[in-house]
Amino acid sequence: MTNNEEELYQDHILAHYEDPYHRGRCSRCTHVHADSNPLCGDKIRIELHVDDHGQMREIYFDGEGCCISQAAASMLVERFDGKSIDEVKQFSAQDMLAMFGVRLTPNRQKCALLSWKVLQAAIYSPVEAARRIAQCEQMESLHSDAEELHQLSAPGVDPAGAERPPPAPPVAALAQAAPRSEER
Amino acid sequence: MSGAAASDEARVARLRQDFPILARQVSGKPLAYLDNAASTQRPRAVIEAMTAAYEQHYANVHRGIHTLAQEADELYEGAREKVRAFINAPSVEQIIFTSGATAAINLAARSFCDRFLSPGDEILLTEMEHHANLVPWQQAAERTGAVIRYTPLTEDGRLDLDAFQRLLGPRTKLVAVTAVSNVLGTINPLPEIIALAHAAGAEVLVDGAQSVPHARTDVQSLDCDLLVFSGHKMLGPTGVGVLYGRRDLLERMPPFLGGGSMIREVRFDGFRPADLPYKFEAGTPPIVEVIGLAAAIDYLEQVGRDWIEQRERQLTEAAHRALEQIDGLRIIGPEPKYKGGIVSFVVERLHPHDAAELLDREGVAVRAGHHCAMPLHERLGLSASTRASFYFYNTFDEIDRLAAAIEKAKAVFRRKS
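Residues numbered from 1 in each chain as written. Chains lettered and ligands numbered in written order. Predicted model: local features only at pLDDT ≥ 70, side-chain atom pairs only at ≥ 80, totals over all residues. Heavy atoms only, no water.

What follows concerns the overall build of chain B. Looking only at helices and strands, chain B features 14 helices and 17 strands. On C-alpha atoms alone, chain B measures out to a radius of gyration of 22 Å, which is about the 22 Å that the 2.2 N^0.38 rule sets for 417 residues. Its C-alpha atoms give chain B principal-axis dimensions of roughly 75 × 55 × 35 Å. Here chain B, with 417 residues, has 57% of them falling under the buried criterion. (Helix = DSSP H or I, 4+ residues; strand = E, 2+ residues; numbered from the N terminus. Rg over C-alpha atoms; globule rule 2.2 N^0.38 Å. Buried < 20%, exposed > 50% of the residue type's maximum accessible area, 1.4 Å probe, protein only.)

Quick look at the overall build of chain A now. Along chain A, the regular secondary structure elements total 10 helices and 3 strands. Reading chain A from its N terminus to its C terminus gives the helix and strand order α-α-β-β-β-α-α-α-α-α-α-α-α. Taken over 184 residues, chain A has a buried fraction of 49%. Of the contacts formed within chain A by residues at least 6 apart in sequence, a portion of 64% connects residues at least 24 apart. Total accessible area on chain A is roughly 8500 Å²; 49% of this is exposed by carbon and sulfur atoms. (Contact = heavy atoms within 4.5 Å. Areas by Shrake-Rupley, 256 points an atom, 1.4 Å probe, with all protein chains shown as cover.)

Residue and element names in this part refer to chain B. Enumeration over the complete set of coordinates arrives at 39 salt bridges over all chains. Residue Arg272 pairs with Glu265 through a salt bridge whose shortest N-O separation is 3.1 Å. A residue is classified by how much of its surface remains accessible, and Arg272, at 44% relative accessible area, is partly exposed. Looking at Glu265, the relative accessible area reads 32%, which means it is partly exposed. Salt bridges sharing partners connect three or more residues here, namely Glu203, Asp225, Arg246, Asp248 and Arg252. (Salt bridge = Lys/Arg side-chain N within 4 Å of Asp/Glu carboxyl O.)

Take the environment of B:Val26 next. Turning to its location among the elements, B:Val26 is positioned in strand β1 (residues 25-26). Each C-alpha atom of the pair B:Val26 and B:Leu380 lies 32 Å from the other, and the pair is 354 residues apart in sequence.

A few words now on the side chain of B:His351. Looking at the secondary structure, you find B:His351 in the loop between β14 (342-347) and α12 (352-360). A polar contact of 3.4 Å, which involves the side chain of B:His351, links it to the backbone nitrogen of A:Cys66. Not counting residues up to four positions away in its chain, the partners in contact with B:His351 are A:Tyr17, A:Cys40, A:Asp42, A:Gly65 and A:Cys66. (Polar contact = N/O pair within 3.5 Å; in protein donor to acceptor, adjacent residues only side chain to side chain.)

Looking now at the sheet that holds strand β2 (residues 42-50) of chain A. Two modes of strand pairing occur in sheets, parallel and antiparallel, and in both the strands are linked by backbone hydrogen bonds. All names here are of chain A. Strand order in the open sheet made by the 3 strands is β1-β2-β3, with antiparallel pairing throughout. Single-partner strands in this sheet number two, and they are β1 (31-37) and β3 (56-64). Each strand axis lies, on average, 15° off the axis of its neighbour in the sheet, ignoring direction. Pairing geometry for β1 and β2, over 7 bridges, is antiparallel. (Pairing = 2+ DSSP bridges. Axes fitted to C-alpha atoms, helices over the stretch in contact; angles between N-to-C directions.)

Let us now look at the packing of helix α5 (residues 93-100) of chain A against helix α6 (residues 106-122) of chain A. All names here are of chain A. The interhelical angle for the contact between α5 and α6, taken along N-to-C directions, is 115°, at an axis separation of 10 Å. By the angle between their directions, the pair α5 and α6 is classed as roughly perpendicular. Classified by chirality, the crossing of α6 by α5 is right-handed. Of the residues in α6, those in contact with Ala93, Met96 and Leu97 of α5 are Gln109, Ala112, Leu113, Ser115 and Trp116. For the contact of α5 with α6, the class distribution of residues is 6 nonpolar, 2 polar and no charged. (Parallel < 35°, antiparallel > 145°, perpendicular 65-115°, else oblique. Left-handed = near helix turned anticlockwise from the far one by under 90°. Nonpolar A, V, L, I, M, F, W, Y, C, P; charged D, E, K, R; others polar.)

Right, let's talk about the packing of aromatic side chains for a bit. This model, assessed by the stated rule, comprises 13 aromatic pairs over all chains. Residues A:Tyr9 and B:Phe413 carry aromatic rings whose centres are separated by 5.5 Å and whose planes lie at 75° to one another, so their mutual orientation is edge-to-face. Note that A:Tyr9 is positioned in the loop between α1 (3-8) and α2 (11-18) and B:Phe413 in the segment after α14 (396-412), a pairing that runs across two chains. As far as the burial class goes, A:Tyr9 and B:Phe413 line up, both buried. Among the aromatic residues, ring-to-ring pairing joins B:Phe19, B:Tyr299, B:Trp307, B:Tyr391, B:Phe392 and B:Tyr393 into one connected group. Sitting over the ring of B:Phe86, B:Arg305 keeps its end group 3.8 Å from the ring centre. (Phe/Tyr/Trp six-rings, centres within 6.5 Å; stacked < 30°, edge-to-face > 60°. Lys NZ or Arg CZ within 6 Å of the ring centre and 35° of its normal.)

Considering every residue of chain B, the mean pLDDT works out to 96; 99% of them sit at 70 or more. The complex prediction reports pTM at 0.88, with the ipTM value standing at 0.79. (pLDDT = per-residue confidence, 0-100.)

Before going further, it helps to examine the state of the cysteines. Residue and element names in this part refer to chain A. In the structure shown here, the tally under the stated rule is 0 disulfides over all chains. Unpaired in this structure, Cys66 has its nearest cysteine sulfur neighbour in Cys111, at a distance of 3.9 Å. Taking the relative accessible area as the measure of exposure, Cys111 reaches 0% and is therefore buried. (Disulfide = S-S within 2.5 Å.)

Our next topic: the nonpolar core. By size, the foremost hydrophobic cluster in this structure holds 72 residues, and its most contacted members are B:Ile87, B:Phe97, B:Val175, B:Leu227, B:Met234, B:Leu235 and B:Phe392. Here this core takes 12 residues from helix α10 (residues 287-303) of chain B, the largest share from any one element. Residues contacting B:Met234, with those up to four places away along its chain left out, are B:Thr40, B:Phe86, B:Val212, B:Pro213, B:Phe229, B:Leu293, B:Ala296, B:Ile297, B:Leu300 and B:Tyr391. Judged by nonpolar contacts, the second largest core, of 70 residues, contains A:Ala72, A:Val77, A:Cys111 and B:Ala322. (Core = buried A, V, L, I, M, F, W, Y, C linked by side-chain atoms within 4.5 Å.)

Moving on to the confidence of the model for chain A. Residue and element names in this part refer to chain A. Chain-level pLDDT for chain A is 76 on average; 66% of the residues reach the 70-or-more range. Between the elements of chain A, mean pLDDT differs from a low of 35, seen in helix α10 (residues 180-183), to a high of 97, seen in helix α4 (residues 85-89). Predicted confidence for residues 1-6 stays below pLDDT 50, and this span has 10 contacts to residues more than four positions away or in other chains. For residues 142-184, every residue scores under 50 in pLDDT, and the model assigns this stretch 64 contacts once sequence neighbours within four places are set aside.

What follows is about the environment of A:Tyr60. All names here are of chain A. By the element assignment, Tyr60 lies in strand β3. Put simply, Tyr60 and Ala112 are 52 residues apart on the chain and 17 Å apart in space, counted from C-alpha to C-alpha. Tyr60 has contacts with His22, Arg23, Gly24, Arg25, Cys26, Arg45, Ile46, Glu47 and Val77, leaving out every residue within four places of it along the chain.

This part is about the pairing of strand β5 (residues 122-126) of chain B. All names here are of chain B. In terms of residue burial, β5 counts as a mostly covered element, since 5 of its 5 residues are buried. The alternating pattern of β5 places Glu122, Leu124 and Thr126 and Ile123 and Leu125 on opposite faces, both of which are buried. Inspection of the sheet shows β5 paired to strand β7 (residues 172-178) by 3 bridges, in the parallel sense. Opposite Glu122, over in β7, you have Thr172 as the bridge partner.

So, in structure tokens, the structure goes:
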């Protein structure tokens with residue numbers, strides 16, 4: 001194995017990938033968001049139980065995708081278990097990449113930042129009855145048959161089947177925001 | 001190795017020297033470029049033809065009287081004749097230059113459907129189409145009220161011809177089908193498909209993006225009504241593609257993009273379109289890219305398309321043999337005799353994205369993802385796959401390196417089970 005490989009697929013990342021922290025669902029979900037990376041098909045869904053004081057009593061993720069996207073989600077959920085949504089707001093994309101700790105090319109940064117984007121959106125996405133969950137679940141079965149596909153492409157319906165989060169910055173900007181020293 | 005195989009390898013070694021990029025290193029190892037279904041590399045002859053066009057013969061086409069304009073015109077229209085001969089079209093008027101296969105399908109979908117489709121008419125596609133041969137028809141269906149039907153696949157990833165026959169109906173106006181699946185590698189039985197469609201009164205568009213670069217294509221014996229392909233998948237530059245069409249069909253289809261070159265006369269109250277092929281070539285065309293495409297055709301003719309087809313079949317068979325040895329690896333698509341030079345696969349516990357990353361560390365360039373065929377992956381129950389795709393310049397040694405790199409990548413994730 002070369003040095004490069006050891007850097008990217010190092011033990012603590014593989015450990016998160018193979019034995020993820022809090023993969024599953026909240027017992028009582030107040031906030032939820034899901035998104036995917038359309039280029040590689042990585043999917044992440046994050047559920048929160050936020051109390052009246054803005055503390056996250058529970059945080060769980062689920063998803064599928066490459067080692068980087070899933071390990072990053074596990075690390076993020078572990079990092080914010082029991083923390084407040086104010087702390088989430090202050091956690092930047094640079095902080096996320098720094099926490100991940102491994103040098104990533106811009107394309108792989110998108111993998112690592114997917115869960116960060118989803119969490120940033122989830123804190124603004126309270127569950128309104130079952131509607132939101134239904135929408136997020138619809139995303140998982142995206143394009144399951146031709147009729148649904150056509151229906152989804154009808155005007156006024158986002159083909160991704162999920163509402164866009166208000167605050168998520170564009171991924172291109174995130175790649176720019178990466179710490180330069182990490183890229184060398 | 002047999003004498004014939006040894007002389008093939010020697011020929012490939014010589015041909016590879018025509019491709020500057022194939023000599024480079026990636027991750028400190030010789031590049032094994034196995035992403036040819038996405039885009040091929042270019043021989044020096046193509047790069048030099050384009051440089052010469054810019055340095056010696058460049059001007060806009062179809063407009064000028066001066067010397068450079070005439071030279072550019074000769075090169076551009078000469079390229080049209082080369083493309084005509086390459087696919088054995090009856091006339092140069094039936095060769096329309098576009099910015100790529102995607103643009104060519106969009107042109108055909110817009111122009112054909114707006115002219116010929118009514119609400120309730122049917123467009124018959126297949127489950128193995130690239131997004132470029134799905135979305136333009138979905139857009140056309142939304143505009144016209146037409147209905148889209150999809151021909152399903154067999155278990156092993158071939159078209160279900162019986163189902164295709166059942167789906168063909170009196171309302172089917174158009175069948176759009178890929179000649180070769182860009183994921184499964186499946187070579188579709190175009191003669192049967194076209195005969196059945198014609199018997200049902202439907203026109204057929206063939207997406208030749210993955211076939212025209214790799215095998216002899218004769219639009220007259222094939223009897224397709226429309227054919228599209230791209231320059232960059234056949235050693236040519238990006239930004240150029242071709243739409244071929246049956247003459248009477250193209251004559252009845254209205255112009256798609258409006259602008260310069262596509263008109264005969266413009267007045268304040270309207271316009272009259274130009275004759276074929278110009279009525280579909282609005283604006284300044286990709287002049288130098290077309291000239292580069294002609295150089296690519298010259299090169300391919302010199303290499304020989306029958307040899308290319310045979311070479312890629314051998315590479316695909318070798319890849320199947322090598323990959324089938326790998327524990328936990330599953331090849332997607334039919335056995336090699338039904339395939340072009342495309343081998344997609346999934347490996348247990350190794351996500352395609354991680355596979356592509358780890359293979360790159362060995363200098364092996366493959367593609368990971370849904371390869372612009374999300375509905376197909378959905379049908380296969382996969383979110384992504386890894387794809388190795390070949391051209392004649394690939395070697396058996398590169399296939400061995402692919403297999404070795406997969407084994408090495410697997411080892412990274414072998415810690416727990």
